[in-house]
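Listed here are the chains, written in short residue letters.
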Amino acid sequence: NSEEALFAACLFMKLRRKAAAGLELALTPSTQRMSVAVITPYRQQRSLLRQTFKELCGGDALNNVAIETIDSYQGRQVDVVILSCVRAGTGGGLGFVNDIRRMNVAITRARRSLWILGALGTLRRNKEWEALIVDAETRGVVVAPSEARRLLRDELAAAGEAAKKKEAKKGASP
């Protein structure tokens, strides 16, 4: 899901920019550095996320963020987790996201902040996801896609420019 990969990279850029500006973020006391992981149920999405982060955040991005599958991230924790649900599109099945054990691992890796990227309508088909979504809605922390685009507009614009430059390079190559 390239749209989720793009949003995950843009969200990471936003968080990194906020941390660099010294805005209050919950940092790990021992390091005073925000630790971030992007996790997903699927290896193919992990590969796409790594590629997207490299292209949009620079070559050293993978030194600053862990991008792993849910299964490989079991037992570890970080300050911020961005969860890419991937196959939770409208009309699609839930796949691995439907597994309560994977859900448990995915949502318990974050010490401070958890960002879940996925289609609400599809995720709601599972009673555990429905309960999580209802709780998030009650607390006012669900961000609609249009609001996410507004919040990440600078990062999305930078990503668009990077894509244009990449295409221009391709067109200039023999």
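Because the structure is a prediction, the values reported are computed rather than measured.

Visitor: I'm lost on the side chain of Arg 46 in this one. Help?
Guide: If you trace the backbone, Arg 46 turns up in helix α2 (residues 43-57). With residues up to four places along the chain from it excluded, the contact list for Arg 46 reads Thr 40, Ile 67, Glu 68 and Thr 69.

Visitor: Can you walk me through the environment of Ala 110 in this structure?
Guide: Residue placement: Ala 110 occurs in strand β4 (residues 110-117). Separated by 32 residues in the primary sequence, Ala 110 and Val 78 place their C-alpha atoms 5.3 Å from one another. When residues no more than four places from it in sequence are discounted, the contact partners of Ala 110 are Val 78, Asp 79 and Val 81.

Visitor: Can you walk me through the sheet that holds β4 in this structure?
Guide: Strand-to-strand pairing in sheets goes through backbone hydrogen bonds, with the strands running parallel or antiparallel. Pairing is parallel in the open sheet, where four strands are placed in the order β2-β1-β3-β4. Two strands lie at the open edges of the sheet, namely β2 (66-69) and β4, each paired on one side alone. Within the sheet, the average angular offset between the axes of one strand and its neighbour, ignoring direction, is 20 degrees. Two elements, strand β1 (residues 36-40) and strand β3 (residues 78-84), share four bridges in a ladder whose sense is parallel. Bridging across to β3, Ile 39 finds its partner in Leu 83. Relative to β4, helix α4 (residues 100-107) is tilted by about 125 degrees, and along the sheet it contacts β1, β3 and β4.

Visitor: Teacher, can you tell me more about the confidence of the model for the chain here?
Guide: Low pLDDT marks regions whose predicted coordinates should not be analysed in detail. Across the chain, pLDDT averages 83, with 85% of residues at or above 70. Ignoring residues within four places in sequence, the model shows residues 24-31, a span with pLDDT below 50, making 16 contacts including any to other chains.

Visitor: Honestly, the nonpolar core in this entry has me stumped. Any pointers?
Guide: The tendency in soluble globular proteins is for nonpolar side chains to be buried as a group. Within the largest apolar cluster, 26 residues are counted, with the highest numbers of intra-cluster contacts made by Val 38, Phe 53, Cys 57 and Ile 82. When residues of this core are traced back to their parent elements, those giving at least two are α1 (2-20), β1, α2, β3 and α8 (153-172). Here the element with the most residues in this core is α1; it accounts for nine residues. Non-local contacts of Val 38, meaning those with residues more than four positions away in its chain, are made with Ala 8, Leu 49, Phe 53, Val 65, Ala 66, Ile 67, Glu 68 and Ile 82. Listed in part, the 17 residues of the second largest apolar core include Val 78, Cys 85, Val 97 and Val 105.

Visitor: Any chance you could explain the pattern of salt bridges here in plain terms?
Guide: Opposite charge on two side chains makes pairing possible when the charged atoms of those side chains draw close. Taken as a whole and assessed by the stated rule, the structure comprises twelve salt bridges. Between Arg 102 and Asp 99 there is a salt bridge, with the nearest N and O atoms lying 3.2 Å from each other. For the residue pair Arg 102 and Asp 99, the accessibility class agrees, reading buried in each case. Among the charged side chains, a network of salt bridges with common partners joins Asp 71, Asp 99, Arg 101 and Arg 102.

Visitor: Explanation requested: α2 in the structure shown.
Guide: Given 3.6 residues per helical turn, the α-helix brings residues three or four places apart onto the same face. Spanning 15 residues, α2 covers 20 Å between terminal C-alpha atoms, matching the ideal 21 Å at 1.5 Å per step. Along α2, the positions that sit buried rather than exposed are Gln 45, Arg 46, Leu 49, Thr 52, Phe 53, Leu 56 and Cys 57. On an axial view of α2, the arc spanned by its buried residues comes to 130 degrees, and they lie on one face. Projecting away from the buried face of α2 at angles above 90 degrees are the exposed residues Arg 43 and Gln 44. Trailing α2 by a residue or two, Gly 58 shows a phi angle of about 100 degrees, which is positive.

Visitor: Would you take a moment to explain the layout of surface pockets for this structure?
Guide: To locate leftover empty space, one rolls a probe as large as a water molecule over the atoms. For the largest pocket, the calculated volume is near 1100 Å³. Taken together, 34 residues make up the lining of the largest pocket; nearest its centre are Trp 115, Ile 116, Leu 117, Gly 118 and Val 143. Of all the secondary structure elements, the ones that give two or more residues to the lining of the largest pocket are α1, β4, α5 (120-123), α6 (127-138) and α7 (145-151). Residue contributions to the lining of the largest pocket peak at seven residues, all from α1. When grouped by side-chain class, the residues that make up the lining of the largest pocket number 24 nonpolar, four polar and six charged. Estimates place the volume of the second largest pocket at around 310 Å³. The wall of the second largest pocket is formed by 15 residues, among which Thr 52, Glu 55, Leu 56, Ala 163 and Lys 166 lie closest to the centre. Those elements that place two or more of their residues in the lining of the second largest pocket are α1, α2 and α8. Here the residues of the lining of the second largest pocket sort into seven nonpolar, four polar and four charged.

About the thresholds
- Residues numbered from 1 in each chain as written.
- Predicted model: local features only at pLDDT ≥ 70, side-chain atom pairs only at ≥ 80, totals over all residues.
- Heavy atoms only, no water.
- Helix = DSSP H or I, 4+ residues; strand = E, 2+ residues; numbered from the N terminus.
- Contact = heavy atoms within 4.5 Å.
- Pairing = 2+ DSSP bridges.
- Axes fitted to C-alpha atoms, helices over the stretch in contact; angles between N-to-C directions.
- pLDDT = per-residue confidence, 0-100.
- Core = buried A, V, L, I, M, F, W, Y, C linked by side-chain atoms within 4.5 Å.
- Buried < 20%, exposed > 50% of the residue type's maximum accessible area, 1.4 Å probe, protein only.
- Salt bridge = Lys/Arg side-chain N within 4 Å of Asp/Glu carboxyl O.
- Expected span 1.5 Å × (residues − 1).
- Arc of directions from axis to C-beta.
- 1 Å grid on protein atoms, 1.4 Å probe; cavity = no way out; pocket = protein on both sides within 12 Å on 5 of 7 lines; lining within 4 Å.
- Points joined across faces, edges and corners; volume = space filled by probe spheres on them.
- Nonpolar A, V, L, I, M, F, W, Y, C, P; charged D, E, K, R; others polar.

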